[in-house]
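Structural overview for review
Each chain, written out:
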Amino acid sequence: MMKTTCPAYRPLALAILAAAALAAVPLIGPRAVVQDLFGILCLLVLALNWNMLAGFAGLVSVGQQAFVGIGAYTMFAAVILFGLDPLAGVLLGGLVAMALAVPVACFVFRLNGAYFAIGTWVAAEIARLGLGQWKALGGGTGTSLPKGTTRDMLGVGPVKEWLGVSSAAASDIVLYWLALGLVLATLGVSWAFLRSRTGLGLQAIRDNAMAARSVGIDPVRLKALVFLLAAFGTGLCGGLLFIQITRITPDAAFSLLDWTAFVLFVVVIGGIGTLPGPIVGVVVFYALERLLSDYGSAYLIVLGLFGIAVMLFARRGLWGSLSGRTGLELLPLGHRAPAAAIRP
Amino acid sequence: MALLSLQSVSKSFGALKVTDDVSFDLQPGEALGIIGPNGAGKSTLFNLITGNLRPDSGQILLDGRDVSADSVMARCAAGIGRSFQIPQPFGHLSVYENLLVAARFGGGLAAAEAPEFCMDILRRTGLAGAADNPAGGLPLLSRKRLELARAMATRPRVLLLDEIAGGLTDAECVELVATIRAIHAEGTAIVWIEHVLHALNSVVGRLIVLNFGRLLMVGDVRTVMNSAEVREIYLGAEV
């Protein structure tokens, strides 16, 4: 099968154009749209991270809400207990999530396949129940960010002055831009990572773990690396999300539905194991959500049916099927043989 | 000092003793053949040498160092390369990428050196024209060549070949044997399990005969092939 790869600059130009358009949204769009898109961009960050885990490292985790929750609680602790800027709290959230991913990995990496999935879920439940005991952050009933936290957040003042909007609107805009930045960074890092030696090793493991070991690739080491990086990205995203939500409870911060099930849906319908897949998935998810938002819980039923339909009829997801049928490749991960050398 | 040395290596699966007190030495640059009827424990022996299996007792030495407790990856890095009996390509990667990943990991080559190194191997194994093709769609001969090429890309000092000539036509076999002989001529030691005896015997100097996990005989090709015992057990079981 021939593969047509776009010249390298074309997807790049496309990506820059799309990023610029998204970055301009707060300048022209109403605040509700900015808030909506913030949620969607965060969902995309979670999806990109989960795709690295499940799609490239074969680690089907259903416990990523653990790292969203840990990131969110760390951010709250940084603000409430230590009086730090919430954005510093976000960074700490990512780091703490990555640090806690080490003991979690020691536990779940002893398990395989479905048992691994269950293990990650158990780890997330332990984190939820554990943080529910943290009285300083409201225990089981949770707590809110102190009034004025987002108003004083780094970057809100200048944005307020520049665009002439209220403090609340300015903080939404700052969060939105940060979420967009996080999407672009995650995408860029994922692409560079997958094109690197480590990424090539990861793809070899995915194809044949036994053969990979026999050419010197250590599957546990590479998978653990992806697990830690995904925990970092997911933790950052958790912190960011809960600045906008402003209120935290263990159930909301460690929600399986919000931070893993929807994410899983996005990746699977978009195309697991492809970089553009989660982007396509999140667009479809957003469209469905808008179309069906008036129908209450029927929305979840339609979403589920759509997911099942994709799994049955387009098993590689929408992007995967399109790419397979047309040979189109954005963000190609392949390494081409040196051209001059092929000629005898 | 022997490059690779097995000392009283034994392995059982339950009550079945698949490797029973096997010892032999492989000198640097030597080519050694392993023959024996199906189920004699030949592939198990390879799995013990590469570290896919751990021996119940005995030692495996590489350059005189005991590697019995080392992982498959560590042994690959130490210089043990292996081709599988049933080809195990990285199916979604291209032929070139199959070698690239082996050269970067097991071969320990830097990003700048690896591409030319891989292309050189691909040219020598007749795969250069298929470099950018997905490895999953290759025909049998190419898959066998890829097994050999990928093992070469890990820069082995001892190359373990598991029935690499099996299932090929005579013409294909001749080509492959020529490649293997060239690799051997450059100083890479080879241990080769093979049923296609004319291919094997045109490369190796010594033969080991395994039967029911036991080392039945070691010797130069002519002596082993002329032994009545080997003819009875090995050829009798095969014909």
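Notes on the structure follow. Each chain carries its own residue numbering, running from 1 in the direction its sequence is written. By the order in which they are written, chains take letters starting at A while ligands take numbers starting at 1. At least 70 in pLDDT is required for a residue's local features to be given in this predicted model, at least 80 for side-chain atom pairs to be given and counted, and no such filter applies to totals for whole chains, interfaces and linings, which use all residues. Hydrogen atoms and water are omitted, and side-chain values are computed over all heavy atoms in the structure.

1. Overview of the interface of chain B and chain A
Put simply, the rule reads: The contact definition used throughout considers only heavy atoms, calling two residues in contact when any of these lie within 4.5 Å. For any pair of parts, buried area is found by adding up, for both, the accessible area (1.4 Å probe) each one loses once the two are put together. Here, a salt bridge means any Lys or Arg side-chain nitrogen found within 4 Å of an Asp or Glu carboxyl oxygen. A run of DSSP states H or I qualifies as a helix once it reaches four residues; a run of E qualifies as a strand once it reaches two. Both are numbered from the N-terminal end.
Tallying the contact residues gives 29 residues for chain B and 27 residues for chain A. Counting the surface lost from both chain B and chain A, the interface buries some 2500 Å², and carbon and sulfur atoms represent 66% of this. Interface area lost by chain B to chain A is led by Met73, Phe90 and Phe105 of chain B, which between them contribute 28%. Applying the counting criterion to the chain B and chain A interface returns one salt bridge. Those elements that provide at least two residues to the side of chain B that touches chain A are α2 (72-77), α3 (95-104) and α4 (114-124) of chain B.

2. Thoughts on the nonpolar core
The nonpolar side chains of a soluble globular protein tend to be buried, and buried together. Threshold: Note on terminology: a nonpolar core comprises buried Ala, Val, Leu, Ile, Met, Phe, Trp, Tyr and Cys residues joined through side-chain atoms within 4.5 Å. Only protein chains enter the accessibility calculation, which uses a 1.4 Å probe; a residue is then buried when its area is under 20% of its type maximum, exposed when over 50%, and partly exposed in between. For every domain, the bounds stem from an assignment made automatically or drawn from a database.
Among the nonpolar cores identified, the biggest contains 153 residues, and Phe227 and Phe242 of chain A together with Trp192 of chain B are the most heavily contacted of them. It is helix α2 (residues 31-56) of chain A that contributes the most residues to this core, 17 residues altogether. Both domains that furnish three or more residues to this core are identified here as domain 1 (1-79 + 156-239) and domain 2 (88-155) of chain B. Discounting chain neighbours no more than four positions away, the residues touching Phe242 of chain A are Val68, Ala72, Met75, Phe76, Leu145, Arg247, Ile248, Ala252, Ala253 and Trp259 of chain A. Counting 25 residues, the second-largest nonpolar core is a separate cluster that includes Leu3, Phe24, Leu48 and Ile208 of chain B.

3. A word on the packing of helix α12 (residues 256-270) of chain A against helix α13 (residues 277-292) of chain A
Residues and elements named next belong to chain A. Rules: Lines are fitted to the C-alpha atoms to define the axes, a helix being fitted only along its stretch in contact, and any angle between axes, read from their N-to-C directions, falls within 0 to 180 degrees. Angles are sorted into four bins: roughly parallel if under 35 degrees, roughly antiparallel if over 145, roughly perpendicular if 65 to 115, and oblique for all others. Each helix crossing is assigned a hand: it is left-handed if the near helix lies turned anticlockwise from the far helix by less than a right angle, otherwise right-handed if that turn is clockwise. Under the scheme applied, nonpolar residues are Ala, Val, Leu, Ile, Met, Phe, Trp, Tyr, Cys and Pro; charged residues are Asp, Glu, Lys and Arg; polar residues are all the others, including Gly.
Across the interface, α12 lies against α13 with an axial gap of 7 Å and an inter-helix angle of 115°. Relative to α13, the element α12 lies roughly perpendicular. The crossing of α12 and α13 is right-handed. Here Phe262, Phe265, Val266, Ile269 and Gly270 of α12 come into contact with α13, specifically with Gly277, Pro278, Val280, Gly281, Val282, Val284, Phe285 and Leu288. Among the residues making up the contact of α12 with α13, the classes are represented as ten nonpolar, three polar and no charged.

4. Structural notes on the side chain of Lys42 of chain B
Residues and elements named next belong to chain B. Definition in use: For the purpose of charge, His is not counted, nor are the chain termini; Lys and Arg are scored as positive and Asp and Glu as negative.
Mapped onto the elements, Lys42 comes out in helix α1 (residues 42-50). Within the buried core, Lys42 has no salt-bridge partner, and the shortest N-O distance to an opposite charge, that of Glu163, equals 4.8 Å. Beyond its immediate chain neighbours, meaning those up to four positions away, Lys42 contacts Ile34, Ile35, Gly36, Pro37, Glu163, Ile193, His195 and Leu210.

5. Let's talk about the state of the cysteines
Note the threshold: Any two cysteine sulfur atoms within 2.5 Å of one another count as a disulfide.
All chains considered together, the criterion is met by zero disulfides over all chains. Cys42 of chain A takes part in no disulfide bond, and the closest cysteine sulfur, belonging to Cys237 of chain A, lies 4.1 Å away.

6. Considerations on the packing of aromatic side chains
Residue and element names in this part refer to chain A. In plain terms, the rule: Centres within 6.5 Å make a pair out of two Phe, Tyr or Trp rings, where for Trp the six-membered ring is used; the pair is then stacked when the planes are under 30 degrees apart, edge-to-face when over 60, and tilted otherwise.
Considering all chains together, one arrives at nine aromatic pairs over all chains under this definition. Considering the side-chain rings of Tyr73 and Phe254, the 6.2 Å spacing of their centres and the 25° angle between planes classify their relative orientation as stacked. With Tyr73 in helix α3 (residues 65-80) and Phe254 in the loop between α11 (250-253) and α12, this residue pair connects regions lying 181 residues apart in the sequence. Here the two residues Tyr73 and Phe254 agree in accessibility, since each one is buried. Pairing Phe109 with Phe227 gives two aromatic rings, centres 5.5 Å apart and planes at 70°, and the pair type is edge-to-face. Of the two residues, Phe109 is situated in the loop between α4 (86-108) and α5 (113-131) and Phe227 in helix α10 (residues 219-245); the sequence distance between them amounts to 118 residues.

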